[in-house]
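Overview (structure and organization)
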Amino acid sequence: MIRKVYSDGYLRYVCIEAGHKHAKANWHKAKNIYTAQAISRDVGRNNAVGEMIQDFCVEHDVPYILVPPNGYSKVDARMFKLITKYDGRTNPDTRAAGMIAFEYGTRGEIRAIE
């Protein structure tokens, strides 16, 4: 998966949140069947997008890792600013992406899933 180290000594790769690699797919509690169906539909769409991004990376020889979903979309703006020191406006999706980049970019270790 990760193969390239650039001339400046840095390793660059795409982090893909891989919900499609989770063993348990239905863990959410819903108020009713309609809400549960909507959540399941959205989860399925997110999983399909993750698989498409992974396929693109494979086809175009882009280094990538699959990272487990860690609930970063639950991080609020105040906590995100405290952790990352980023002071701009964010939404839950950008905070989740930012937290993944922050975690995997600052630790210097790779905890990927297969």
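**Remarks on the confidence of the model for the protein chain**
For the protein chain, the average pLDDT comes to 76, and 68% of its residues sit at 70 or higher. Per-residue pLDDT stays below 50 along residues 108–114; that stretch engages in 17 contacts with residues further than four places along the chain or on separate chains.

**What about the packing of aromatic side chains?**
Tallying each qualifying case throughout the model produces 1 aromatic pair. Ring centres of F80 and Y86 lie 6.3 Å apart, and the angle between their planes is 75°; on these two criteria the pair is classed as edge-to-face.

**Some thoughts on the nonpolar core**
In this structure, I65, V67, Y72, V75, F80, A96, M99, I100 and Y104 together form the largest nonpolar core, which totals 9 residues. Mapped by element, the contributors of at least two residues to this core are β2 (64–67) and α3 (92–106). Per element, the largest residue contribution to this core is 4 residues, and it comes from α3. For F80, the contacting residues outside a window of four places in its chain are V75, K85, Y86, T90, R95, G98 and M99. Membership of the second largest hydrophobic core comes to 5 residues, among which are I16, A18, C57 and L66.

Scoring rules and cut-offs
Residues numbered from 1 in each chain as written. Predicted model: local features only at pLDDT ≥ 70, side-chain atom pairs only at ≥ 80, totals over all residues. Heavy atoms only, no water. pLDDT = per-residue confidence, 0-100. Contact = heavy atoms within 4.5 Å. Phe/Tyr/Trp six-rings, centres within 6.5 Å; stacked < 30°, edge-to-face > 60°. Core = buried A, V, L, I, M, F, W, Y, C linked by side-chain atoms within 4.5 Å. Buried < 20%, exposed > 50% of the residue type's maximum accessible area, 1.4 Å probe, protein only. Helix = DSSP H or I, 4+ residues; strand = E, 2+ residues; numbered from the N terminus.

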